[in-house]
Amino acid sequence: MNTEKVVMSQAVTDRIMRLHDSKLAINDKKIARHGSIDIDDHGFIDFEDFTFKAECAPDGKVHGCALIGRNLRRFLNEMPKYINPDSALATCWVGTFDRFVPLGIAEEDKPKELAETIKKYRITQAGFGAMNHLCPDMEIGLSEGWQGLLEKIRHYRKKNRPADPDFYEGEEQLALGILEWVEAHGKLAEELAEQESDPFRKKNYEEIAKINFALTKRPPETFREAVQFLAHFQSVDRTYFAGGALGALDTLLEDYFERDIAAGALTEEEAVWILASLFFNDTHYTQIGGLTPAGDREVTSRLSFVILDAMHLLHIPTNLGIRVHAPIEGQSDVAEALLRRAVEYTIADGYGVCYSLEKGIAEGFAKNGFPVELGRMRVKCGCNWVAIPGREYPLQDVTRVNMAVALHYALDDLQKDGNCSMERLWERFCAHLATMVDCIKKGYDRHYEIMQRNLPEIVLNLFMHGTIERGLNCSNGGVDILDLNIDGIALATVADSFAAIQQRVVEEEKISWDRLFTLLQTNYEGAERERLMLKNIRRFGSPESMAEEWAVRIRDYFVSLCKGSPTPKHHLMVVPGMFSHGDVYAYGRTLEATPNGRFAGEPISHSSEPDPGFARGVDTFSPALKANAVALTQAGYGNSAPLHLDIDTGLVENGGGVDALVALIHAHEQAGGTLINMNCVSKEKLLAAHEDPASYPDLVVRVTGYSAFFASLSKEYRQQIVDRFLSA
Amino acid sequence: MEGANIFNIQHFSVHDGPGVRTVVFFKGCSLHCKWCHNPESIRPEAEILWYPEKCIGCRACEVQCPMGAHSFTAGVHRIDKGKCSHCFLCCEECYADALVRVGEEKSAEEIFREIMRNKAYFDQSGGGATFSGGECMLQPKALHELLTLCRQSGIHTAVDTAGNVPWQSFETIKDLTDLFLYDLKALDPDVHRACTGAGNERILDNFKKLAEAGSNILVRIPYIPGYNDQELEGIAAFLSAWPQIKAELLPYHSLGNSKHRALQEEDLLDVTAPTKETVTQLKQKYGFL
């Protein structure tokens, strides 16, 4: 197999660079109107003048499949149509639907009985009402086409004759709306072709028109048609609740690519341009590489390399992941070459793919009682998460339990009754944490009961195995696997706090319990020495430290809470995770001072990572030290807890740099790690960009599992990356 | 179980031997190179690194110090090094990390456990453990024990040495060591003495014996403009007798200056780091890596 970089002509390279420049200009406009964007750098284009008048239910909200479907159909018809002059593809999206339409859950369907617990424990992401965070199987779409999907809906509507036609009515309205919208893009392309004098662009518009018209009648047949279909999908998917998963791009498109290349209908550099146009359209999550379900063959193909080159040449945020696994005997050269290329691009560009790790994902998933073969089918399709395309409803990344809140109330209990000991502190912490997890489980039960009639996954349902066939929303038995995630966060904050109390209060008796309570209540005011005494213990991340023991104990207890029982009413499976997203500032802002020397309002620790600056004394910071800590404290059931590596280019610019990083990635995979997000940037550049972001408009960074323009991030999010970097 | 006096364990080094390596830095050196970027490695005994910018003025050091070495005048913290008895009570009470003890005794078993935590990285990269310093060969028993433990577990080992130790020390470890990173700083004994405080006769003699014994050696040559730049040609000529032995040029950098200051050493080396172009030219000229 050819593993070389695609040979690019200047003309095509320039065209891709113009897409890059367009993206920067679009981004500047967005920042000017909307301010910082701390989530994925979504590819929407802001049309200031576009407004939409929604059709609402009597309660003033929009809910229910048919009503949403009607609104979406009209929205697609009314929204501005767009084709970038340098793109191979039509369409864009203009912002999430909820900016234009008052989507919401009916009051009577909300779990009011949980409100008090949610408020007390500051559960801002309770899982109930969460949307997207599952992966469609785009093979369904590519084989059926838009027209085929409409026929499928009608077929099963007739077959099932449901008592309530709401679900099928909504899905049908959506499919009709998409077909009309695709048709409209065909017409726009025709108009643009007529007006265009440049021969290449004229021909390009004509081709786009032809493809879009064809896709209103039949499934895609060529590589470009297939990618255009994906662009259609991701535009609609983002519009409706910011869905963001595409799946395994290389395996989805491999047949089209190979066929067109063999027939001489496509060149590799054209494929790069078409894929760059897809990445320009939106930052949907995609994966390359990995194994077949049987685990006996690597799926890496020539197209995997072509996709990687498209990301590299476009040089904008692109949420591409590479699946990394242990070598398969006799087959590993190609997968290894792909990994090395990805690392080279990470070093050269400063950011790049994220590294999704096979062992922890597949073998961890199997611990839930599924065959490991299903685990291998899970695709990196969200900022930190994986799912089986079309078959799994995992809701990762939408529920968080801030374990530091449980610790806060545990300390409160001790202060109130004066019965102070480590044993009692642990007992109270466990009790509060159990209440928090129980609350989310109950919320999930309600979610299961009411989402179909409120906010169905009207777009993603089209691409799941079972939803249309059964007439059921994917959250409500439309798919076979419901494995609902709960993320426990602030692990290092809590572990370091327990260790600090054990060392300074209990063992050394340098601070009394009463003094500790006073320090926390006064936010360490006038007590810097005592704060540092608590902070500067051997923190989590230091080998064989007391804090590390606490981290493992806390992780184990949290996992047992999640796995110990399903949801109480509907017996739905719950899976533990430990992903904080970049929300460590938001969760820290409402949290009191903690015994690890953290001031009130400061950020909590990230996922299961040690705090920045954890390494002291004999053990100086190293990526391996951090990686070992993250691998040790994975939740262990297949859901990711990422390792963030912000590496100074100085470490890796010599010849051995790529080797070292490849070794680190493989070692973390074998140790049970699940995901690595990596930035390579010089300290000078990062600090300068933090000071003056506007001067570095095309500096792209991985915030966590997603990448973004550094200049688009708020100061707090930029600070998070700078802190991580400086601690290294 | 033999203890080692160490001052640092670096868990992800890509500059001290093949692959990803864990580097254990031993404290104490028989040379005193003016450019040393690990100046805290030179003295064998534990000592204090002082970072006044981190001081929060709590004066706990002043209270704890039995010798009256710490004083605060108008809020300014001063240390009288002459009074310090190295009891380190001040460091133990300095939670701001303004006073940091450097150097601690760890058992070989303890160090080995830390090395083993990174075995997966060694396996993936062809890396291993590197024993450096200071001069790790000044603590032969601990070094021998660590090398033995590594050999028993199949961990590749490198010994980073300046060679200024009795030949007998090499004899006890050479068969347990997979690679010697052997520093040559100057060929002229007078230049060597002026730069490092010691002659190089024993260093060169040990090198010859080690090379003739067939040990795997990578020579490392610090390049310090104004100090040993006239020595590079001689070193290259000396090494031509062993064409199988490669040599690596290590250009000067100023990263050790902050540590010199923290040790309250005033006579910092006034050297400008060489440019990449100069280093590349020298490497090409002498065939260095």
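About the thresholds
Residues numbered from 1 in each chain as written. Chains lettered and ligands numbered in written order. Predicted model: local features only at pLDDT ≥ 70, side-chain atom pairs only at ≥ 80, totals over all residues. Heavy atoms only, no water. Helix = DSSP H or I, 4+ residues; strand = E, 2+ residues; numbered from the N terminus. Rg over C-alpha atoms; globule rule 2.2 N^0.38 Å. Buried < 20%, exposed > 50% of the residue type's maximum accessible area, 1.4 Å probe, protein only. Contact = heavy atoms within 4.5 Å. Areas by Shrake-Rupley, 256 points an atom, 1.4 Å probe, with all protein chains shown as cover. Lys, Arg positive; Asp, Glu negative; His and termini not counted. Charge placed at Lys NZ, Arg CZ, Asp CG, Glu CD. Salt bridge = Lys/Arg side-chain N within 4 Å of Asp/Glu carboxyl O. Phe/Tyr/Trp six-rings, centres within 6.5 Å; stacked < 30°, edge-to-face > 60°. Lys NZ or Arg CZ within 6 Å of the ring centre and 35° of its normal. Core = buried A, V, L, I, M, F, W, Y, C linked by side-chain atoms within 4.5 Å. Buried area = accessible area lost by both parts, 1.4 Å probe. Nonpolar A, V, L, I, M, F, W, Y, C, P; charged D, E, K, R; others polar. Pairing = 2+ DSSP bridges. Axes fitted to C-alpha atoms, helices over the stretch in contact; angles between N-to-C directions. Right-handed = clockwise from strand over helix to strand, strands pointing away.

Enquirer: I keep staring at the overall build of chain B and nothing clicks. Help me out?
Expert: Along the backbone of chain B there are 11 helices and 12 strands. Its C-alpha atoms give chain B a radius of gyration of 20 Å, within 12% of the compact-globule value 19 Å for 289 residues. Burial status across chain B gives 55% buried among its 289 residues. Taking contacts inside chain B between residues at least 6 apart in sequence as the whole, the part at least 24 apart equals 68%. Surface summary for chain B: the accessible area is close to 12,700 Å², and the carbon and sulfur share equals 50%. Separation of charge centres in chain B, based on 29 positive and 38 negative side chains, amounts to 2 Å.

Enquirer: Please clarify how the overall build of chain A should be interpreted in this entry.
Expert: What chain A contains, in helices and strands, is 26 helices and 14 strands. If one aligns the C-alpha atoms of chain A with their principal axes, the spans along those axes are about 80 × 65 × 50 Å. Residues counted as buried form 66% of the 728 residues belonging to chain A. The long-range fraction of contacts in chain A, counting pairs at least 24 apart against all pairs at least 6 apart in sequence, stands at 76%. With the model as given, the accessible surface of chain A reaches about 24,000 Å², and the carbon-plus-sulfur share is 50%. Of note, chain A has its 77 positive side-chain charges centred 4 Å away from the centre of its 105 negative side-chain charges.

Enquirer: How should the environment of alanine 245 of chain A be read in this particular structure?
Expert: Residues and elements named next belong to chain A. Here alanine 245 lies in strand β1 (residues 245-248). Sequence-wise, alanine 245 and methionine 138 are 107 residues apart; in three dimensions their C-alpha atoms are separated by 9.6 Å. The contacts of alanine 245, once residues within four sequence positions are left out, are Leu134, Cys135, Pro136, Phe233, Asp237, His284, Tyr285, Cys381 and Trp385.

Enquirer: Whenever I open this one, the pattern of salt bridges confuses me. Can you help?
Expert: All names here are of chain A. Counted by the stated rule, this structure contains 63 salt bridges over all chains. A salt bridge links arginine 446 to glutamate 113; its shortest N-O distance comes to 3.0 Å. Of the two residues, arginine 446 is situated in helix α15 (residues 422-454) and glutamate 113 in the loop between α2 (65-78) and α3 (115-120); the sequence distance between them amounts to 333 residues. Between glutamate 609 and lysine 626 there is a salt bridge whose closest N-O contact spans 3.8 Å. Of the two residues, glutamate 609 sits in the loop between α21 (584-589) and α22 (623-632) while lysine 626 sits in helix α22, which places them 17 residues apart along the sequence. The exposure class of glutamate 609 is buried, given its relative accessible area of 2%. On the basis of relative accessible area, lysine 626 is assigned to the buried category, the value being 7%.

Enquirer: Teacher, can you tell me more about the packing of aromatic side chains here?
Expert: When we look at a pair of aromatic rings, we describe it by the centre distance and by the angle of the planes. Going through the model one piece at a time under the given rule, you end up with 35 aromatic pairs over all chains. Aromatic side chains phenylalanine 7 of chain B and phenylalanine 25 of chain B sit 5.6 Å apart centroid to centroid with 45° between the ring planes, which places their arrangement in the tilted category. Note that phenylalanine 7 of chain B is positioned in strand β1 (residues 3-13) and phenylalanine 25 of chain B in strand β2 (residues 21-26), a separation of 18 residues in sequence. Neither phenylalanine 7 of chain B nor phenylalanine 25 of chain B differs from the other in exposure class; each is buried. Relative to tyrosine 121 of chain B, the ring of phenylalanine 12 of chain B has its centre 6.3 Å away and its plane inclined at 90°; by these criteria the two rings are edge-to-face. With phenylalanine 12 of chain B in strand β1 and tyrosine 121 of chain B in helix α4 (residues 119-125), this residue pair connects regions lying 109 residues apart in the sequence. Each of the two residues, phenylalanine 12 of chain B as well as tyrosine 121 of chain B, counts as buried. Counting every residue linked through ring pairs, the aromatic cluster contains Phe50, Phe52, Phe75, Phe97, Phe100, Tyr240 and Phe241 of chain A. A cation sits over an aromatic face here: lysine 120 of chain A above tyrosine 409 of chain A, 4.8 Å from the ring centre.

Enquirer: I tried to follow the nonpolar core on my own but got confused; where do I start?
Expert: Side chains that are nonpolar tend, in soluble globular proteins, to be buried together. In this structure, Phe223, Leu253, Tyr355 and Phe429 of chain A are the most contacted members of the largest nonpolar core, which totals 228 residues. Per element, the largest residue contribution to this core is 13 residues, and it comes from α15 of chain A. In this view, phenylalanine 223 of chain A contacts Leu253, Tyr256, Phe257, Asp260, Leu266, Ala271, Ile274, Leu275 and Leu303 of chain A; residues no more than four positions away in its chain are not counted. The next biggest cluster of nonpolar side chains, apart from the first, holds 66 residues, and it includes Ile111, Phe131, Ile245 and Leu249 of chain B.

Enquirer: Would you mind showing me how to read the interface of chain B and chain A here?
Expert: For interface size, the figure often reported is the accessible area lost on association. Contact residues are listed per partner, giving 28 residues for chain B and 30 residues for chain A. Carbon and sulfur atoms supply 55% of the area that chain B and chain A bury against each other, a total of about 2,700 Å² over both sides. Looking at the side of chain B facing chain A, the largest losses of area belong to Phe12, Tyr95 and Arg117 of chain B, adding up to 30% of the total buried there. Viewed at the interface, chain A and chain B are joined by five salt bridges. The partner of aspartate 97 of chain B in a salt bridge is arginine 616 of chain A, with the nearest N and O atoms 2.5 Å apart. Mapped by element, the contributors of at least two residues to the side of chain B that touches chain A are β1, β7 (104-107), α3 (108-116) and α4 of chain B. Among the elements that take part in the side of chain B that touches chain A, β1 of chain B stands out by supplying seven residues, more than any other. Here the residues of the side of chain B that touches chain A sort into 13 nonpolar, seven polar and eight charged.

Enquirer: Sorry if this is basic, but what is going on with the sheet that holds β2 of chain B here?
Expert: The strands that make up a sheet pair up through hydrogen bonds in the backbone, lying either parallel or antiparallel. Residue and element names in this part refer to chain B. One open sheet accounts for eight strands, arranged β7-β1-β2-β8-β9-β10-β11-β12; its pairing is mixed. The open sheet has two edge strands, β7 and β12 (246-251), and neither has a second partner. Going from strand to strand, the sheet's axes swing by 30° on average, the running direction of each strand aside.

Enquirer: Where do I start with the environment of threonine 172 of chain B in this structure?
Expert: If you trace the backbone, threonine 172 of chain B turns up in helix α6 (residues 167-173). For the pair threonine 172 of chain B and glutamate 105 of chain B, spaced 67 residues apart in sequence, the C-alpha separation works out to 22 Å.

Enquirer: Would you explain the sheet that holds β1 of chain A in this entry?
Expert: Residue and element names in this part refer to chain A. As summarised here, the arrangement of the six strands in space is β1-β2-β3-β4-β12-β11, forming an open sheet in which the pairing is mixed. Two strands lie at the open edges of the sheet, namely β1 and β11 (643-648), each paired on one side alone. Each strand of the sheet is rotated relative to its neighbour by a mean of 25°, with strand direction disregarded. Sheet analysis places strand β4 (residues 354-357) next to strand β12 (residues 675-681), joined by two bridges and oriented antiparallel. Note that in β12 the partner of serine 356 across the bridge is leucine 675. Docked against the sheet, helix α8 (residues 249-262) engages β1 and β2 (285-288), running at close to 70° with respect to β1.

Enquirer: How do you make sense of the pairing of β12 of chain B when you look at a structure like this?
Expert: Residues in a regular strand project their side chains so that they alternate between the two faces of the sheet. All names here are of chain B. Relative to β12, strand β11 (residues 217-223) is paired through six bridges, and the arrangement is parallel. If you follow tyrosine 223 over to β12, its bridge partner there is proline 251. Viewed along the sheet, the connection from β11 through helix α9 (residues 232-239) into β12 turns out right-handed.

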